[in-house]
Amino acid sequence: MIASVFYFLSFVSIFFAVMVVVSKNPVHSVLYLILTFFSIAGHYLLLNAQFLALVHIVVYAGAIMVLFLFVIMLLNLNAATEPVKSSLMKFAGAIAGGSLMLVLIAVLSKINSIQPAHEVNTQIGLIKNLGKILFTEYNLPFEVASILFLVAMIGTVILAKKNPHTS
Amino acid sequence: MNTILSIVPIQYYIILSAILFSIGVMGVLTRSNAIIIFMSVEIMLNSVNLLLAAFSTYHNDAAGQIFVFFIMAVAAAEVAVGLAIIVMIYRNINTIDIYNLNKLKG
């Protein structure tokens, strides 16, 4: 039962990831990417990482995808304005990516010596446990992340402001 | 022991993440729309996040999930700045085809 859920979620995430790359219309790409993110959230639930699944849906499907859709609507992109690339470049890119996939799978499928943890704690993905670790052991990186957000916010405002000298 | 990893081996997660990462690489290499390239980078980041969460469950250690939070924070900041740069490029040259961004070529 759980194994078939895993296979279904894996199929859905790979299928929609391929659709993101091949679809001509950028709006369709964003919608397929949202479905990919939901299937990855399902994977997190299977892995007993409940809080991670929740945060993943809120951050990716809620914030990042809205930002993408907003920019696509703002720039009025559709299939007609899609830039065309020579088929030789597309072919070369597909061959290079496929070769990377072959090499990665060939190398990584040979791993069999790692041992899983013996005692299983299904509580590590809950917010109580993660919050305790985040605010004790990883307190400094947590605060540095807030500085990163401040810098990103200021940078975005400065970049998006109209430059009076160019226009 | 009734977790997912006693039913699905960790190798399957490794292979799934490798496939998703390669799809992202293919997207970056084959598309010339800057926004689609950004989405492919998001797919790559997500494949790495999935593998970190899988190994966190596998080793029964919450540090992997904390790392996923930090990667999500960096991805959110990166998307905000990157989309601002794309909007600025569109305002200046009226296209987001990356093959028009060759002004620095000697």
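Given the structure is predicted, the values throughout are model-derived calculations rather than measurements.

About the criteria used
- Residues numbered from 1 in each chain as written.
- Chains lettered and ligands numbered in written order.
- Predicted model: local features only at pLDDT ≥ 70, side-chain atom pairs only at ≥ 80, totals over all residues.
- Heavy atoms only, no water.
- Helix = DSSP H or I, 4+ residues; strand = E, 2+ residues; numbered from the N terminus.
- Rg over C-alpha atoms; globule rule 2.2 N^0.38 Å.
- Buried < 20%, exposed > 50% of the residue type's maximum accessible area, 1.4 Å probe, protein only.
- Areas by Shrake-Rupley, 256 points an atom, 1.4 Å probe, with all protein chains shown as cover.
- Lys, Arg positive; Asp, Glu negative; His and termini not counted.
- Charge placed at Lys NZ, Arg CZ, Asp CG, Glu CD.
- Contact = heavy atoms within 4.5 Å.
- Buried area = accessible area lost by both parts, 1.4 Å probe.
- Salt bridge = Lys/Arg side-chain N within 4 Å of Asp/Glu carboxyl O.
- Polar contact = N/O pair within 3.5 Å; in protein donor to acceptor, adjacent residues only side chain to side chain.
- Axes fitted to C-alpha atoms, helices over the stretch in contact; angles between N-to-C directions.
- Parallel < 35°, antiparallel > 145°, perpendicular 65-115°, else oblique.
- Left-handed = near helix turned anticlockwise from the far one by under 90°.
- Nonpolar A, V, L, I, M, F, W, Y, C, P; charged D, E, K, R; others polar.
- Arc of directions from axis to C-beta.

A. View of the overall build of chain A. Looking only at helices and strands, one finds six helices and zero strands in chain A. Tracing chain A from N to C terminus, the helices and strands come up as α-α-α-α-α-α. Against the globule reference of 15 Å for 167 residues, chain A gives a C-alpha radius of gyration of 21 Å, more extended than a compact globule. Each principal axis of the C-alpha distribution contributes one length, and for chain A these read about 65 × 40 × 25 Å. Expressed as a percentage of its 167 residues, the buried residues of chain A come to 34%. Within the structure as shown, chain A displays about 10100 Å² of accessible surface, and the carbon and sulfur contribution to it stands at 75%. Counting 8 positive and 4 negative side-chain charges, chain A places the averaged centre of each group 16 Å from the other.

B. Broad picture of the interface of chain B and chain A. Between chain B and chain A, the residue contacts involve 74 residues of the former and 83 residues of the latter. For the pair chain B and chain A, the summed buried surface comes to about 7100 Å²; carbon and sulfur atoms form 77% of the total. Viewed at the interface, chain A and chain B are joined by zero salt bridges. Scanning the region where chain B abuts chain A turns up six residue pairs in polar contact (both at pLDDT 80 or more). Residue assignment for the side of chain B that touches chain A shows that the elements contributing at least two residues are helix H1 (10-30), helix H2 (34-59) and helix H3 (63-93) of chain B. The leading source of residues in the side of chain B that touches chain A is H3(B), at 25 residues.

C. Representation of the packing of helix H1 (residues 2-22) of chain A against helix H2 (residues 26-46) of chain A. Residue and element names in this part refer to chain A. Here H1 crosses H2 at 155 degrees, and the two axes come no closer than 8 Å. Between H1 and H2, the angle falls in the class roughly antiparallel. When the axes of H1 and H2 are compared, the crossing they make is left-handed. Where H1 approaches H2, its residues Ile 2, Val 5, Phe 6, Leu 9, Ser 10, Val 12, Ser 13, Phe 16, Ala 17, Met 19 and Val 20 are matched on the opposing element by Ser 29, Tyr 32, Leu 33, Leu 35, Thr 36, Ser 39, Gly 42, His 43 and Leu 46. Considered class by class, the residues forming the contact of H1 with H2 number 13 nonpolar, seven polar and no charged.

D. A look at helix H5 (residues 127-136) of chain A. Looking at H5(A), one finds that the buried residues are A:Leu130, A:Ile133 and A:Leu134. Down the axis of H5(A), the smallest arc covering the buried residues is 100 degrees, so these residues share one side. In H5(A), the exposed residues that point more than 90 degrees away from the buried face are A:Lys128, A:Lys132 and A:Thr136. Check the buried side of H5(A) and you find it contacts helix H3 (50-75) and helix H6 (139-160) of chain A together with H3 of chain B.

The values reported here are purely geometric and, on their own, carry no functional implication.
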